[in-house]
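Spelled out from the first residue to the last, the chains are:
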Amino acid sequence: MLFKKSLIILFLAAGLVIPAQAEKITLKHFTSGSYQQLLEKHADKPVMLAIWSTTCASCLEKMPLLNELQKNQSDVRIIMLSVDDAADKKQVQAILTENGLTDLENWIFADENAQRLRYEIDPQWFGELPRTYFLNSNHEREGISGALSYEDYQSIFKVLVN
């Protein structure tokens with residue numbers, strides 16, 4: 001009985017800690033013009049833009065890999081963009097916290113017209129997820145839909161930084 005009460009207290013405490021930590025994450029609002037701002041801010045630097053959603057199983061499955069890349073790849077700036085509605089902010093923050101991705105630059109769609117935001121990023125992108133853009137220091141880019149492996153990322157990073 002004591003073990004069961006201790007276990008319940010532990011779960012309740014964990015539930016209180018994650019949302020409190022999640023609220024500390026800064027989620028920038030991605031609106032019309034944000035993609036251009038992002039490019040200007042990271043001019044002359046290689047960038048990886050990882051686009052994801054809380055409803056994308058493949059995206060969530062690959063979050064630990066993105067954490068690993070963050071720790072091991074300092075030459076490429078990794079930026080996360082959630083295509084979830086800004087109303088889902090707490091859930092997005094909790095997922096980022098749980099996966100140790102709070103130190104990255106994190107954005108969330110904050111415009112009712114998600115199709116327009118997608119078009120600003122890439123007119124050829126129709127919303128499939130996960131979607132990753134790799135931009136070299138001249139911001140020539142390649143967009144890839146679908147989940148990537150660690151080896152895929154490493155191969156692409158070698159090209160980006162050289």
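The coordinates are above.
This report concerns the structure included in the present document. Source: prediction; values computed, not measured.

Our focus in this paragraph is the overall build of the protein. When helices and strands are tallied, the protein shows seven helices and six strands. Written out in order from the N terminus, the α and β elements of the protein read α-β-α-β-α-α-β-α-β-α-β-β-α. Taken across its 162 residues, the protein has 40% of its residues classed as buried. Across the protein, contacts joining residues at least 24 apart in sequence account for 74% of those joining residues at least 6 apart. Accessible surface for the protein amounts to roughly 9,200 Å². Of this, 53% is attributable to carbon and sulfur atoms.

Take L65: it is sitting in helix α4 (residues 63–72). Residue class for L65 comes out buried when judged on its relative accessible area of 13%. Along the chain, L65 and Y153 lie 88 residues apart, while their C-alpha atoms are 9.8 Å from each other. Not counting chain neighbours up to four residues away, the residues in contact with L65 comprise L148, S149, Y150 and Y153.

With an omega dihedral of -10°, the bond running from L129 to P130 counts as a cis peptide bond. Within the secondary structure, P130 sits in the loop between α6 (114–121) and β5 (131–135). Although it is not a glycine, D44 sits at a positive phi angle of roughly 65°. Summarising the element assignment, D44 is placed in the loop between α2 (34–41) and β2 (47–52).

Of all the five residues making up strand β4 (residues 105–109), five are buried; the element is thus mostly covered by neighbouring parts of the structure. Neither face of β4 is left uncovered, since the one carrying E105, W107 and F109 and the one carrying N106 and I108 both have all their residues buried. Of the strand pairs in this sheet, strand β1 (residues 27–30) and β4 are connected by four bridges, and their pairing is parallel. Each residue of the ladder has a partner; that of F30, found in β4, is F109. Bridge analysis of strand β3 (residues 77–82) against β4 gives four bridges, and the strand direction is parallel. Of the residues in β4, the one forming a bridge with M80 is N106. Handedness of the β-α-β unit built from β3, helix α5 (residues 89–98) and β4 comes out right-handed.

Calculation criteria
Residues numbered from 1 in each chain as written. Predicted model: local features only at pLDDT ≥ 70, side-chain atom pairs only at ≥ 80, totals over all residues. Heavy atoms only, no water. Helix = DSSP H or I, 4+ residues; strand = E, 2+ residues; numbered from the N terminus. Buried < 20%, exposed > 50% of the residue type's maximum accessible area, 1.4 Å probe, protein only. Contact = heavy atoms within 4.5 Å. Areas by Shrake-Rupley, 256 points an atom, 1.4 Å probe, with all protein chains shown as cover. Pairing = 2+ DSSP bridges. Right-handed = clockwise from strand over helix to strand, strands pointing away.

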